[in-house]
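# Structure at a glance
In case you want the letters, here they are:
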Amino acid sequence: MIQPNNQTGLHISILASGSTGNAIYVESEKTKLLVDCGLPGKKIHELFNQIDRSPDDLDAILVTHEHADHIKGVGVLSRRHDLDIYANEKTWDAMAPKIGKIAKEHQNHFQRGQLKTIGDIDILSFGVSHDAADPQFYAFQKDNERFVILTDTGYVSDQMRHELKNADAYLMESNHDVQMLRMGPYPWHLKQRILGDKGHLSNEESSLAMAEMIGDRTKRIYLGHLSQKNNMKSVARSTVEDILLQKETGVNEKFFLYDTDPDEAQPLFKL
Ligand SMILES: [Zn+2]
Ligand SMILES: [Zn+2]
């Protein structure tokens, strides 16, 4: 008799998420990937330790865009562990001066809208609306299971809502509470930037997009990229929960909300 194989499918961990630094881990039995590394080398090792994994086992780093909270540790990690880096052409141009020397054979292109297979994981890249050179995020698929990462976007287009429907898990941006941002310490131009079409999703905007994307496969949604000054875990969660309840989505019954943290890895989760 064939034994069921517990190793199939995808495992994920949000190692760090927030405006201070982002790193997300995705693995199958054969392939280990990191999305972004916006933390110093030492910190990223600590986070890998927390989930009993090591950056030594990584196959590649996928970069979403060149903002410091996504690339701070990319160069160091690639050099130290001999890792391939994937990003689209404009992101490469913008990040190259910031991450130090990367060997030619580790520089790979992953264009917006492309479907690529790395090891045994299929990955779709999709563009977002954000004030970087050519920002894109990624959807991972294996054995019919799907994990979508969507942060750093000013809005969620109809095309994105459609393309990213019914994933097993999402990491969704829940960047700010609009009231906290308006009343908060940021200078006016920065507030305008965050609230604008190329900024970040508020708790409300995020919930409305989620309500349209989730489907019967969806099991969990991680609330990510919280602003340290303009949001709190409790505020993000209650705002999102209220809207998803109003929209009769089955929140807390069919699927659940999870926090993320800028300093602490979320336990590995099997989709
Ligand atoms: Zn950004
Ligand atoms: Zn960011």
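In what follows, the accompanying structure is described.

The rules behind each value
Residues numbered from 1 in each chain as written. Chains lettered and ligands numbered in written order. Predicted model: local features only at pLDDT ≥ 70, side-chain atom pairs only at ≥ 80, totals over all residues. Heavy atoms only, no water. Donors = N, O, S within 2.8 Å, 3.2 Å for Na, K, Ca; no water. Tetrahedral: all angles 85-135°; square planar, octahedral: opposite > 155°, others 65-115°. Helix = DSSP H or I, 4+ residues; strand = E, 2+ residues; numbered from the N terminus. Buried < 20%, exposed > 50% of the residue type's maximum accessible area, 1.4 Å probe, protein only. Contact = heavy atoms within 4.5 Å.

So, about the coordination of the zinc ion (ligand 1). With distances of 2.2 to 2.5 Å, the protein atoms coordinating the zinc ion (ligand 1) are H65 (NE2), H67 (ND1), H130 (NE2) and D152 (OD). Given four donor atoms and angles of 88 to 175° at the metal, the environment of the zinc ion (ligand 1) is assigned as irregular. All donors of the zinc ion (ligand 1) come from a single chain, and their spacing in sequence reads H-x1-H-x62-H-x21-D. Here the zinc ion (ligand 1) and the zinc ion (ligand 2) are spaced 3.4 Å apart, linked through D152, which binds each one. Placement of the pair is H67 in the loop between β4 (60–62) and α2 (68–71) and H130 in the loop between β8 (121–127) and β9 (136–142), with a sequence separation of 63 residues. H130 shares its class with H67; the two are buried.

Another point: the side chain of N230. The topology assignment puts N230 in the loop between β12 (220–224) and α9 (233–246). For N230, a relative accessible area of 0% translates into the label buried. Aside from chain neighbours lying at most four places away, what touches N230 is H176, D177, M180, L181, P185, Y186 and I194.

Those protein atoms acting as donors to the zinc ion (ligand 2) are D69 (OD), H70 (NE2), D152 (OD) and H225 (NE2), and they sit at 2.1 to 2.2 Å. Here the zinc ion (ligand 2) binds four donor atoms, and the angle range of 90 to 167° at the metal identifies the geometry as irregular. Going along the chain, you hit the donors of the zinc ion (ligand 2) in the pattern D-H-x81-D-x72-H.

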